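A structural walkthrough
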Amino acid sequence: MERTRWGGFKGLVFPLGLLTAWFIFGYTGKLNQQILPSPGEVLSAFRYLCRDGLLWSHLGSSLVRVFGGFALAALVGVPLGLIMGCVPQSQTWFGPTLHFLRQVPPTALIPLFLLWFGIGEAPKLAVIFYAALFPIVVNAARGVQEIPGMYWEVSRALCLSPWKTLKYLVIPGSWGFVFTGLRLGMGMSWRAIVAAEMLASASGVGYLVMTARSLARVDEMFVGILVIGFMGILIDAAVITIQNHFVPSWRSVQGTRRSEKGGTTAPRTAPSLQEL
Amino acid sequence: MEQPLLELRQVSKNYKLEDSKQELEVLTNINFMVQRGEFVSIVGPSGCGKSTLLSIIVGLIAPNDGECLYKGEVVKKPSLERGLVFQEPRLLPWLTVKDNIGLAGEYDEGLLKKMDLEDFSHAFPHELSGGMASRVALARALAPRPDLLLLDEPLATLDQNLRSKLQGELQRIWKDEGVTCILVTHDLNEALALGTRLIVLGKRPGTILHDTSLQDSMEKEAMKEQVLTWMEG
């Protein structure tokens, strides 16, 4: 128990050490303020941006875009992935195209989206949609493929209708993978929007960082960067919380079974991020 | 003569091996009929095609040669009239006992009671013991009220005590529900204890070595040695 508790703090040692060093160098005045402002200055800039409402307004713009584009990607990506998982031939037909598109980073498409959709919200939503779509589709498809064959045989032997197969087998059976895809998609969305706002936007956290750069306000750039990082962590934590809340039965099948033989076989769990 | 419930005519089944172009002959020239109300036990050594035979009867796979007739019609796909209990319970882990049983048929409280599962209707499969999981699998196959119940070594993974108990339950279900049963097993004692008829399959490719009705326990006991010799031969 002690080891576990200590384990949770281990990850904080490095950032706290870095912060301490930053404080010490900032306090002694050995930092070049044009390159690296002191923590105090960054905090002042943070307070100013908060009081002024600028930070909240930029953050709000980014979040609205992210959730809008992500919701679209989820609405399209989950059903598409489930269909692809259910139809084995789809991998043969669409696999190479998907693989190609996955190699093209969303930022590379920003100029094209600007050309197609003009300036405004549409190209940003398109970037987020593109960034989130592939992890969602790929994981949903894999989730279906990972449903053990014996359960498909059960559904056939019980003559389940396509609707019942979807409701009782495909959706719950792939749920863990679908959520992993949504989580990855959300992370990709956040990263993509910041990049998009840096290149083509008049609001958002990415825009805040770029404006600070053009005004040589390194302290505000730091505020923006730190906010991007912390928001990413918060969004990821929120998705994990939702996942843990909505996938209880998936998690519970991994629990220990009674000692007698012949219980049910637990299916594979969703992959870790490293695995993907 | 009354139309048999099930009839297999010269059924053969081959599987293509994935790595080569060779074919593996699993069943060859299987012929038998099953009348309503029978409890047919099919025994044979491991790998002789017993489970394949059940899959053909259910309609999960098609034979390469011959035909399988159910109520005079060729079996082309699974039907709720033929219930299958797999070797492992294969309960969907994300559904409760109640939902697993109600997957194909009407959820029946009485069935749950008969199977002694009424206290576990909201339990998930991982919360069940092996015996309970087997009973739920049996209840799931019985829920659509099939005329023919196919049992693919459903007790093979259980320990001896639990096995004897569930054998008793199987016999009770066969008598009470009036369902025709085909049990596939490699356990001769189980086959003799439950069946009213015994079909012995030989080593792969499975062919019928012997098909006999079983009358009383004396006769069953006397057959044991003979059947073992057939199976080993």
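Data block above holds the structure.
**Concerning the overall build of chain A**
Secondary structure assignment for chain A yields eleven helices and zero strands. For chain A, contacts bridging at least 24 residues in sequence account for 73% of all contacts bridging at least 6. Carbon and sulfur atoms make up 69% of the accessible area of chain A, which amounts to about 15500 Å² in all.

**A closer look at the overall build of chain B**
Helices and strands together make up the secondary structure of chain B, namely seven helices and ten strands. A compact globule built from 233 residues should have a C-alpha radius of gyration of about 17 Å, and chain B, at 18 Å, falls within 12% of that. Projected onto the principal axes, the alpha-carbon positions of chain B cover approximately 45 × 45 × 40 Å. In chain B, buried positions account for 55% of the 233 residues. The contacts of chain B with a sequence gap of at least 6 include a subset with a gap of at least 24, amounting to 68%. For chain B, the accessible surface area stands at approximately 10300 Å², while carbon and sulfur atoms represent 45% of it.

**Examining the side chain of glutamate 220 of chain A**
Residue and element names in this part refer to chain A. Positionally, glutamate 220 belongs in helix H10 (residues 218–246). Exposure remark for glutamate 220: the relative accessible area of 10% places this residue in the buried category. Those residues in contact with glutamate 220 that lie beyond four places of it in its chain are Ala45, Tyr48, Leu49 and Ala212.

**Regarding helix H4 (residues 89–103) of chain A**
Residue and element names in this part refer to chain A. Counted at 1.5 Å a residue, the expected span for H4 with its 15 residues is 21 Å, and the 22 Å between its end C-alpha atoms agrees. At glycine 95, H4 shows its largest kink, close to 50 degrees, and the proline proline 96 lies no more than four residues downstream. Along H4, the positions that sit buried rather than exposed are Ser90, Gly95 and Leu98. The inward-facing, buried residues of H4 abut helix H3 (54–86) and helix H6 (121–145).

**Topic: the sheet that holds strand E2 (residues 23–34) of chain B**
All names here are of chain B. The four strands are arranged E2-E1-E4-E5 in an open sheet whose pairing can be described as antiparallel. Two strands close off the open sheet at either side, each with one partner strand: E2 and strand E5 (73–74). Relative to E5, strand E4 (residues 65–70) runs antiparallel, the two being bridged by two bridges. Bridge pairing links tyrosine 70 to glutamate 73 in E5.

**Here's the deal with unusual backbone geometry**
Trans is the common state for peptide bonds, and a negative phi is the common state for residues other than glycine. Residue and element names in this part refer to chain B. With phi around 50 degrees, arginine 90 is a residue other than glycine that occupies positive phi space. Examined against the element boundaries, arginine 90 turns out to sit in the loop between strand E6 (82–85) and helix H2 (97–101). Relative accessible area serves as the criterion here: at 12%, arginine 90 is assigned to the buried category.

**A few points about the side chain of glutamine 167 of chain B**
Its location among the elements puts glutamine 167 of chain B in helix H5 (residues 160–177). In this structure, glutamine 167 of chain B is in contact with Leu155, Glu190 and Leu194 of chain B, ignoring residues within four places of it in sequence.

**A closer look at the sheet that holds strand E3 (residues 39–43) of chain B**
Residues and elements named next belong to chain B. A sheet is described by the order of its strands in space; here six strands give the open sequence E6-E7-E8-E3-E9-E10, paired in mixed fashion. Across the chains shown, the open sheet's two edge strands, defined by having one partner strand only, are E6 and strand E10 (208–213). Averaged over all neighbouring strand pairs, the angle between strand axes comes to 15 degrees, with direction disregarded. As paired strands, strand E9 (residues 197–201) and E10 are joined by five bridges and run antiparallel to one another. Looking across to E10, one finds that leucine 198 is bridged to threonine 212.

**So, the packing of aromatic side chains**
Residue and element names in this part refer to chain A. Taken as a whole and judged by the stated rule, the model has eight aromatic pairs over all chains. When the ring of tryptophan 116 is compared with that of phenylalanine 117, the centres are 6.3 Å apart and the planes differ by 90 degrees; the resulting orientation is edge-to-face. The class of tryptophan 116 is exposed, set by a relative accessible area of 56%. Judged by centre distance (5.2 Å) and plane angle (80 degrees), the rings of tyrosine 130 and phenylalanine 134 are edge-to-face. Residue tyrosine 130 and its partner phenylalanine 134 are both found in helix H6; the two are separated by four residues, about one turn of the helix.

**A look at the packing of helix H8 (residues 162–199) of chain A against H10 of chain A**
Two packed helices can be described by the angle between their axes and the distance between those axes. Residue and element names in this part refer to chain A. Closest axis-to-axis distance for the H8/H10 pair is 10 Å, and the angle between their directions is 165 degrees. As far as their axial angle goes, H10 and H8 are roughly antiparallel. Viewed along their axes, H8 and H10 form a crossing whose handedness is right-handed. Touching Trp175, Gly176, Phe179, Thr180, Arg183, Met186, Trp190 and Val194 of H8 are Ile228, Met231, Gly232, Ile235, Asp236, Val239, Ile240, Ile242, Gln243 and Phe246, all from H10. Across the contact of H8 with H10, the residue classes break down as twelve nonpolar, four polar and two charged.

**Observations regarding the environment of glycine 178 of chain B**
Mapped onto the fold, glycine 178 of chain B is located in the loop between H5 and strand E8 (180–185). A relative accessible area of 55% places glycine 178 of chain B in the exposed class.

**So, the pattern of salt bridges**
This structure, assessed with the given rule, holds 19 salt bridges over all chains. Where arginine 90 of chain B meets glutamate 153 of chain A, a salt bridge forms, and the shortest distance between an N and an O atom there is 2.6 Å. One end of the pair, arginine 90 of chain B, is in the loop between E6 and H2; the other, glutamate 153 of chain A, is in helix H7 (residues 149–157), on a second chain. Close ionic contact of glutamate 190 of chain B with arginine 163 of chain B constitutes a salt bridge, the shortest N to O distance being 3.0 Å. Linking glutamate 190 of chain B in helix H6 (residues 188–194) with arginine 163 of chain B in helix H5, this pair joins segments that are 27 residues apart in sequence. Under the relative-accessibility criterion, glutamate 190 of chain B is labelled buried at 2%. Of the residues examined, arginine 163 of chain B reaches a relative accessible area of 10% and is grouped as buried. Each of Arg65, Glu121 and Glu197 of chain A takes part in a single network of salt bridges with overlapping partners.

**What to know about the nonpolar core**
General note: in soluble globular proteins, nonpolar side chains tend to be found buried as a group. Residues and elements named next belong to chain A. Ile136, Leu182 and Trp190 are the most contacted members of the largest nonpolar core, which totals 51 residues. Looking at this core, the elements that each hand over two or more residues are helix H2 (39–52), H3, helix H5 (110–117), H6, H8, helix H9 (205–214) and H10. A total of 13 residues in this core trace back to one element, the largest contributor, which is H6. Among residues more than four places away in sequence, those in contact with tryptophan 190 are Leu59, Ser62, Leu63, Val66, Val205, Ile228, Met231, Gly232 and Ile235.

**Notes on a negative patch on the surface**
Together, Glu109, Asp116, Glu118 and Asp119 of chain B make up a region of like negative charge exposed at the surface. Classification of glutamate 109 of chain B by relative accessible area gives partly exposed; the value is 45%.

Reading the values: rules and limits
- Residues numbered from 1 in each chain as written.
- Chains lettered and ligands numbered in written order.
- Predicted model: local features only at pLDDT ≥ 70, side-chain atom pairs only at ≥ 80, totals over all residues.
- Heavy atoms only, no water.
- Helix = DSSP H or I, 4+ residues; strand = E, 2+ residues; numbered from the N terminus.
- Contact = heavy atoms within 4.5 Å.
- Areas by Shrake-Rupley, 256 points an atom, 1.4 Å probe, with all protein chains shown as cover.
- Rg over C-alpha atoms; globule rule 2.2 N^0.38 Å.
- Buried < 20%, exposed > 50% of the residue type's maximum accessible area, 1.4 Å probe, protein only.
- Expected span 1.5 Å × (residues − 1).
- Bend = angle between axes of the 7 residues up to and from the residue.
- Pairing = 2+ DSSP bridges.
- Axes fitted to C-alpha atoms, helices over the stretch in contact; angles between N-to-C directions.
- Phe/Tyr/Trp six-rings, centres within 6.5 Å; stacked < 30°, edge-to-face > 60°.
- Parallel < 35°, antiparallel > 145°, perpendicular 65-115°, else oblique.
- Left-handed = near helix turned anticlockwise from the far one by under 90°.
- Nonpolar A, V, L, I, M, F, W, Y, C, P; charged D, E, K, R; others polar.
- Salt bridge = Lys/Arg side-chain N within 4 Å of Asp/Glu carboxyl O.
- Core = buried A, V, L, I, M, F, W, Y, C linked by side-chain atoms within 4.5 Å.
- Patch = residues over 30% accessible without salt bridge, like charges linked within 9 Å, V, L, I, M, F, W, Y side chains within 5 Å.
- Lys, Arg positive; Asp, Glu negative; His and termini not counted.
- Charge placed at Lys NZ, Arg CZ, Asp CG, Glu CD.

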